[in-house]
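Architecture and fold: a report
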Amino acid sequence: MGTGSVMKGPLHAYDRPGKGRYYTRCGRDGCPIGDSHLISVTNALDMIAKPNLIPAAAKETARAAWQALPLMVATSRQEPEGPCSRLRVAERCGNCRFCITSAIKREHKAAWEAKAELGTRIHAHAHAHVTGRPIPPDPEVAPFIAQYLQFLTDWQVDPARHVEASETTVLSRRHEYAGTGDVWLHLPGFGARGRRGLVLVDIKTSLTKPATAIYPEQELQLAGLRYAESAVLVDDTEVKVPRFAAAAILNLRQTSHALIPLPADKAAHAAFLGTVVAQRHFHERDTKAWVRIDAPAATPTTSPRKAS
């Protein structure tokens, strides 16, 4: 099939303002922008509540507060809503109570963005390895890639023979979604009689979670990718998504890794499609048009005249 795209971001993906990642329709129908948006798999899955994010955000906020403790004490007598509360972000002083509080409240988002950026770099290096493309060294990424190479060695993967595709855009016109598959590998033990079978592998990275960590929505993500109808190559050639023997999460950590197969079956795909429908519904609704209305004015009633 080929090896997918160079890591410059998923092929045909873009961000719709305020609505997250979408893909343009691509392949045999070209790539019109109009009303032909395909919601990304991960964008659809944002519909699912992730309770683990709440304590994680609280932890980052508490850490930032302790780091800013001297500034918090120094500004504690100031008004909570000082002059900076009425200014644009670029015009704020950065040192008053309001600015310090705002910075602490933003810290968890900054931490998550940094982790996401590291994950993107790890994916880029993993993609470069299996496709044989050069990429500059990255010391922060190196421990994760060492685990990736160990995984490939343990599973006897020869990139020239056993990598079907890497970073490949897949889409479903029928269900109006698209996504990007990290790597499709022919792994031993997944085929008939213990032979190699084609496995859809999605790479996950973390600085803190154990290599065994799995979240329920990851099965739905794999199912969405697994049952998309088409794959689009770098030259916009469109091919049918192959039949996978299995789907799995590959957790990469700095000192360990784990391949964890998930069912990602038709039932999981049906559940995933529910998130696609719900998220697209909300994204296409113009909530600004939802305004209050008042009860109609009462119409005066005239009592009939009594006969004299």
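Keep in mind that what you see is a predicted model, and the values were worked out from it rather than measured.

**Some remarks on the packing of helix H7 (residues 216-226) against helix H8 (residues 266-284)**
- At a minimum axis distance of 8 Å, the contact between H7 and H8 shows a crossing angle of 95°. With respect to their mutual orientation, H7 and H8 come out roughly perpendicular. Within the contact between the two elements, H7 uses Glu219, Leu220, Ala223 and Gly224 and H8 uses Ala268, His269, Ala271 and Phe272.

**Considering helix H4 (residues 97-131)**
- A rise of 1.5 Å per residue sets the reference length of H4, with its 35 residues, at 51 Å; its end C-alpha atoms lie 51 Å apart and thus fit the reference within 8%.
- Taken as a whole, H4 carries its principal kink of about 40° at Arg106.

**Looking at a nonpolar patch on the surface**
- Side chains of Trp66, Leu69, Met72 and Val73 sit close together on the surface and give an oily, nonpolar patch of about 430 Å² of accessible area.
- For Val73, the position within the fold is in helix H3 (residues 69-74).
- For Val73, a relative accessible area of 55% gives the class exposed.

**Observations concerning the pattern of salt bridges**
- In the structure shown here, the tally under the stated rule is 12 salt bridges.
- Several salt bridges converge on common partners, so that one network encompasses Glu117, Arg121, Asp138 and Glu140.

**Things to note about H8**
- The end-to-end C-alpha separation of H8 is 27 Å, in line with the 27 Å expected for 19 residues at 1.5 Å each.
- The set of residues buried in H8 consists of Ala268, His269, Phe272, Leu273, Thr275, Val276, Gln279, Arg280 and His283. The buried residues of H8 all sit within an arc of 160° when viewed along its axis, so they share a single face. Summarising the geometry of H8, the exposed residues directed more than 90 degrees from the buried face are Ala267 and Val277.
- In the core, the buried residues of H8 are packed alongside strand S2 (20-24), strand S3 (37-40), helix H1 (41-45), strand S5 (177-187) and H7.

Cut-offs used in this document
- Residues numbered from 1 in each chain as written.
- Predicted model: local features only at pLDDT ≥ 70, side-chain atom pairs only at ≥ 80, totals over all residues.
- Heavy atoms only, no water.
- Axes fitted to C-alpha atoms, helices over the stretch in contact; angles between N-to-C directions.
- Helix = DSSP H or I, 4+ residues; strand = E, 2+ residues; numbered from the N terminus.
- Parallel < 35°, antiparallel > 145°, perpendicular 65-115°, else oblique.
- Contact = heavy atoms within 4.5 Å.
- Expected span 1.5 Å × (residues − 1).
- Bend = angle between axes of the 7 residues up to and from the residue.
- Patch = residues over 30% accessible without salt bridge, like charges linked within 9 Å, V, L, I, M, F, W, Y side chains within 5 Å.
- Areas by Shrake-Rupley, 256 points an atom, 1.4 Å probe, with all protein chains shown as cover.
- Salt bridge = Lys/Arg side-chain N within 4 Å of Asp/Glu carboxyl O.
- Buried < 20%, exposed > 50% of the residue type's maximum accessible area, 1.4 Å probe, protein only.
- Arc of directions from axis to C-beta.

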